[in-house]
Amino acid sequence: MSGAFFWLAASTGLLSLLTPCVFPMVPVTIAYFSTPHRTDSRGLQRAFLFALGIIGTFTVLGLALAAIFGAAGLNRVAANPWVNLLLAALFVAFAANLFGWFDIGLPWRVSTAADRAVRSATPGSSLGALLMGAAFTLTSVTCTAPFVGTLLVLASQGSWTTPIAGMLVYSAAFALPFFILAAAPGLVAQLPRAGEWMKTLRVLIGLLELGAAIKFVSNADLVLGWGIFTRNLLLIAWSALAIAGAAYLARNARARIQRRELGWETVVGIATALLIAAWLVSGLNEQHRLRQIEAFLPPVVRASVLSSSGDAAPTWMLNDYAGALTSARATQKLVFVDFTGYTCTNCRWMEANIFTRPDVSAELGQFVLARLYTDGEGGIYERQQAFQEKTFGTVALPLYAVVDADGNVRGTFSGLTRSPSDFIAFLRRARS
């Protein structure tokens with residue numbers, strides 16, 4: 001598990017607070033703690049239990065998924081093209097909900113049961129605070145589900161503990177402001193009221209969710225080999241969404257100018273959206289790598305059209321470990337094995353930002369290069385994942401290994417690194 005994953009988990013937890021399902025409910029929720037006869041110590045305890053109810057509900061989800069699927073199962077579920085298409089459809093539905101086209105609500109049986117559990121607890125009791133946190137989490141699922149779903153998909157690239165850790169960090173960040181406000185209800189009066197800015201935020205988050213939907217369709221495309229949702233198509237689609245956001249803000253700005261209410265934040269928002277669109281378009285030139293988001297883009301060269309067969313072997317021998325060992329015996333080289341995945345964001349980041357460096361590329365040229373995908377559809381991918389787990393004790397991606405021509409392990413390097421020198425040192429140690 002990398003620090004970047006935990007940073008993303010905490011950031012999405014805090015961003016979830018700004019969603020239209022959550023923010024307007026803050027004063028209503030905190031009012032539950034504003035009883036006139038409570039002591040400070042009692043209020044602090046109930047605030048802690050309320051936050052614990054939020055954290056526990058989210059974490060149980062991560063624990064349940066880890067227990068049901070395990071690390072290998074989560075990896076395969078997250079890469080399943082039909083799961084990715086389903087997630088894309090859900091993101092489109094959530095975006096439509098945020099645009100105000102229709103309402104999505106929790107099934108009434110679930111919300112009623114949660115409400116009944118809260119009401120049955122003694123007012124001001126510890127149990128009531130705990131259940132209030134759990135009920136609040138359930139009723140906010142309409143807006144938090146996209147963030148949680150994305151986080152769990154990324155967590156599937158790690159060990160079985162990663163979904164649990166991810167949900168702990170996400171829910172702790174989500175619950176922290178509630179703990180502070182519940183412990184000191186007077187701070188609620190200082191929060192901005194939900195108004196026109198919330199409607200604008202709904203639309204902008206909806207555009208972000210459409211961008212995520214396109215990414216999930218791209219994941220399915222990679223596994224199924226359609227060749228439609230290429231890197232350039234994603235960049236064009238995302239830049240179009242950024243322009244749409246700028247246009248929406250500009251329309252609002254026009255109305256605010258007429259009311260003489262235009263603020264600097266609207267101008268900054270429009271300029272930022274247009275700059276993002278221009279930056280994305282600049283990435284259409286494949287020589288200009290968008291290092292910050294390359295991990296979320298399909299590779300420039302589609303792996304599915306390459307093969308290790310033929311007269312001239314490609315740079316990477318794909319899904320052909322036995323062929324790589326044969327080549328190593330013929331050339332008296334070691335084999336560099338890249339365990340990767342079609343939907344692995346950290347793998348894409350390494351390929352775009354580390355492997356492409358001249359110094360790293362020169363070191364990799366000393367090896368026979370084998371790239372083994374473990375998350376595709378078919379028996380070969382299941383066998384390669386099983387081989388990774390049996391030989392190296394993990395299904396986490398990416399995993400890099402150096403083996404000799406007989407398959408004896410000379411060294412391993414797990415996960416993403418932002419230090420080219422560390423990666424080069426690993427390659428040199430393995431060859432020495």
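Going by the structure above, here's the rest.
Below you will find a few notes about this structure. (Residues numbered from 1 in each chain as written. Predicted model: local features only at pLDDT ≥ 70, side-chain atom pairs only at ≥ 80, totals over all residues. Heavy atoms only, no water.)

1. Description of the nonpolar core
Moving on, step 1. By size, the foremost hydrophobic cluster in this structure holds 21 residues, and its most contacted members are Phe336, Phe355, Leu364, Tyr400, Phe423 and Phe426.
Moving on, step 2. Residue assignment for this core shows that the elements contributing at least two residues are β1 (316–318), α13 (345–353), α14 (358–364), β4 (399–403) and α16 (420–431).
Moving on, step 3. When residues of this core are assigned to their parent elements, the largest contribution, five residues, is made by α16.
Moving on, step 4. Counting 19 residues, the second largest nonpolar core, distinct from the first, contains Tyr321, Phe339, Val403 and Ala405. (Core = buried A, V, L, I, M, F, W, Y, C linked by side-chain atoms within 4.5 Å. Buried < 20%, exposed > 50% of the residue type's maximum accessible area, 1.4 Å probe, protein only. Helix = DSSP H or I, 4+ residues; strand = E, 2+ residues; numbered from the N terminus.)

2. A look at the side chain of glutamate 294
Moving on, step 1. Within the secondary structure layout, glutamate 294 lies in the loop between α11 (264–282) and β1.
Moving on, step 2. A distance of 2.9 Å separates a polar atom in the side chain of glutamate 294 from the backbone nitrogen of leucine 290. (Polar contact = N/O pair within 3.5 Å; in protein donor to acceptor, adjacent residues only side chain to side chain.)

3. Details of the packing of aromatic side chains
Moving on, step 1. One pass over the structure, following the stated rule, counts 23 aromatic pairs.
Moving on, step 2. Considering the side-chain rings of phenylalanine 336 and phenylalanine 423, the 6.1 Å spacing of their centres and the 85 degrees angle between planes classify their relative orientation as edge-to-face. Taken as a pair, phenylalanine 336 in strand β2 (residues 335–340) and phenylalanine 423 in helix α16 lie far apart in primary sequence, 87 residues in all.
Moving on, step 3. Look at phenylalanine 336 and you get buried, because its relative accessible area is 0%.
Moving on, step 4. Between tyrosine 342 and tyrosine 381, the aromatic rings sit 5.9 Å apart at their centres with planes inclined by 70 degrees, giving edge-to-face as the arrangement. Highlighted residues: tyrosine 342 in the loop between β2 and α13 and tyrosine 381 in helix α15 (residues 379–392), separated in sequence by 39 residues. (Phe/Tyr/Trp six-rings, centres within 6.5 Å; stacked < 30°, edge-to-face > 60°.)

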